[in-house]
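Coordinate analysis (summary)
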Amino acid sequence: MPVVLGIESSCDETAVALVASDRRIVAQRVASQDEAHRPYGGVVPEIAARAHADRIAPMIAEVMDEAGLELRDLAAIAATAGPGLIGGVMVGLVSAKALAMAGNLPLIAINHLEGHALSPRLVDPELDFPYLLLLVSGGHCQILRCEGVGQYRRLATTIDDAVGEAFDKTAKILGIGFPGGPAVERLAHEGDAKAVPLPRPLVGGKEPHFSFAGLKSAVMRAHESGQYSTADIAASFQQAAIDCLTDRLDRAIANGGHAPALVVAGGVAANASVRAALEALAARHAMRFVAPPPRLCTDNAAMIAWAGCERLGQNDPLDFKARPRWPLDLEAEPARGAGVKA
Ligand code: KG4
Ligand code: ZN
């Protein structure tokens, strides 16, 4: 069974994994850099790139040792080649190129977003194309129709912030720590989701696009008013964000996005309340619901190795350039109003 080594370094997780094309995760490591970035309340690109450079080679050696494999046993080396923080992407990609050259193996340059988009197929052998994907991470908030490997039609995107970014900023405003998503989710359990009146930007709009900047500003005003507990703000914010996600998905489905399955991927898909709301939505539309386990929702290398398995046969040139931007749907036009930040 062919085994692919996957490398991920586009943001603040250094990750390495070996995945077999029969969907077995042979070995994997994820090293979080949370401690290094916490004092700054966000990811510092230079610190991230240095941390990737320090850790990546020993982590690759570890997974190879654990699996008892040599370079010559591998079918290909797959690495995230973008989009992401360019210094980090270069560290992972250059490591992959060195291994590909040393082992005379194919290099497969992976779009990080495709890694997220295909991750549900790693855990669910029954998930066939086409499916409707909600991709919700720190940098992206999109609805895509996935029609095949490399074939993605974007139905919606955010005109300002990504939903994960809204979680992170809410955590920062409330002073509850970094990374923000899990901190908001924990605190939301103790709060009343109806306590704070917050807007649901673009809800009801004809196009299924998202907007979260106004929600973040409203969280700021609610916090500064001193009228509400942080738990009530966290719970009300999380509910508002979920209402936006479900309304926009309903719209995308009404506009022709229906598919046999609704799939969610990306860091925000680790949120249990988000998953529950999407599962209910899928049931309403008679769609099967597929969500990878939380550890495969946040950044990891198993999804990159798996995307490599899906692309076996491809061999990218060793001068493949790291890409800071790399949309999944090259034909999608910018959403109307995009770039307007509140
Ligand atoms: O996919 P990911 O790990 O990295 C990117 O490609 O961006 O997503 C990270 C994002 C962050 O904004 C983080 O706050 C959010 O996912 N996130 C969550 C949760 N876990 C991670 N948001 C809400 N609830 C969570 N449990
Ligand atoms: Zn990601």
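For the structure given in this document, a descriptive report is provided here. (Residues numbered from 1 in each chain as written. Chains lettered and ligands numbered in written order. Predicted model: local features only at pLDDT ≥ 70, side-chain atom pairs only at ≥ 80, totals over all residues. Heavy atoms only, no water.)

1. Comments concerning the site of ligand 1
In the vicinity of ligand 1 lie 18 residues, with G138, D168, G181, E185 and D299 positioned nearest. Residue E185 places a side-chain N or O atom 2.8 Å away from a nitrogen atom belonging to ligand 1. Backbone polar atom of G267 to an oxygen atom of ligand 1: 3.0 Å apart, as the coordinates give it. The protein chains hide 88% of the 550 Å² of surface that ligand 1 would expose on its own. Those elements that provide at least two residues to the shell around ligand 1 are helix 4 (112–123), helix 5 (163–174) and helix 6 (180–188). Taken together, the residues of the shell around ligand 1 sort by class into four nonpolar, eleven polar and three charged. (Near = heavy atom within 4 Å. Polar contact = N/O pair within 3.5 Å; in protein donor to acceptor, adjacent residues only side chain to side chain. Areas by Shrake-Rupley, 256 points an atom, 1.4 Å probe, with all protein chains shown as cover. Helix = DSSP H or I, 4+ residues; strand = E, 2+ residues; numbered from the N terminus. Nonpolar A, V, L, I, M, F, W, Y, C, P; charged D, E, K, R; others polar.)

2. Regarding the environment of C297
Inspection of the secondary structure assignment puts C297 in helix 10 (residues 294–297). With relative accessibility at 0%, the residue C297 sits in the buried group. Counting along the chain gives 160 residues from C297 to S137, while the straight-line C-alpha distance between them is 8.8 Å. Those residues in contact with C297 that sit more than four places away from it in its chain are H116, G266, G267, A269, A270, R275 and P292. (Buried < 20%, exposed > 50% of the residue type's maximum accessible area, 1.4 Å probe, protein only. Contact = heavy atoms within 4.5 Å.)

3. Overview of helix 9 (residues 272–284)
Between the first and last C-alpha of helix 9 there are 19 Å, a value that for 13 residues agrees with the 18 Å anticipated at 1.5 Å per step. Regarding helix 9, the residues found buried are V274, R275, A277, L278, L281 and A282. Along helix 9, the residues classed as buried sweep out an arc of 165° about the axis, all on the same side. Across helix 9 from its buried face, at more than 90 degrees, point the exposed residues A283 and R284. Where helix 9 is buried, its residues touch strand 6 (131–136), helix 8 (230–257), strand 9 (261–265), strand 10 (288–290) and helix 10. Two or three places before S273, at the start of helix 9, stands the capping residue N271, its side-chain oxygen 2.9 Å from that residue's backbone nitrogen. With its phi angle positive at about 55°, A286 sits one or two positions after the end of helix 9. (Expected span 1.5 Å × (residues − 1). Arc of directions from axis to C-beta.)

All we've got here are geometric facts, nothing functional implied.
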